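Coordinate inspection notes
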Amino acid sequence: MRKFGNTANKIRAIMSVVDDSGERLKGREIAKRLEIQGYEVKEGDINMFIYHYMLYKYLTRERVDRVNYYQAI
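A brief look at the structure comes next. Everything quoted here is computed from the prediction, not taken from an experiment.

Some details on the pattern of salt bridges
Within this structure, the stated rule accounts for four salt bridges. Between E23 and R33 there is a salt bridge, and its shortest N-O distance comes to 2.8 Å. Within this pair, whereas E23 is found in the loop between α1 (7–17) and α2 (27–36), its partner R33 is found in helix α2, the two being separated by ten residues in sequence. For R33, a relative accessible area of 24% gives the class partly exposed. Residues E62 and R24 are paired through a salt bridge, measuring 2.9 Å at the closest nitrogen-oxygen approach. In this pair, E62 is assigned in strand β1 (residues 59–64) and R24 in the loop between α1 and α2, connecting sequence segments 38 residues apart. Here R24 falls in the partly exposed class, since its relative accessible area comes to 40%. Because the salt bridges share partners, they merge into one network encompassing E23, E29 and R33.

Each value, and the rule that gives it
Residues numbered from 1 in each chain as written. Predicted model: local features only at pLDDT ≥ 70, side-chain atom pairs only at ≥ 80, totals over all residues. Heavy atoms only, no water. Salt bridge = Lys/Arg side-chain N within 4 Å of Asp/Glu carboxyl O. Helix = DSSP H or I, 4+ residues; strand = E, 2+ residues; numbered from the N terminus. Buried < 20%, exposed > 50% of the residue type's maximum accessible area, 1.4 Å probe, protein only.

If you want it as structure tokens, here you go:
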């Protein structure tokens, strides 16, 4: 299992699993896709990273029944 190196690597890895075709994903689904690629991640860590570094710059958020769905800009 690989760990992330730095912020730029994390952003590239997350953007590689999120489609630009308008696909909406939960944080759990993003974490699963990263694990398939060989990264060692936790769902909560991914959600916090997206919130602090990627929201409104790379991803948008839509809340449905208190669940966040992320979509590429």
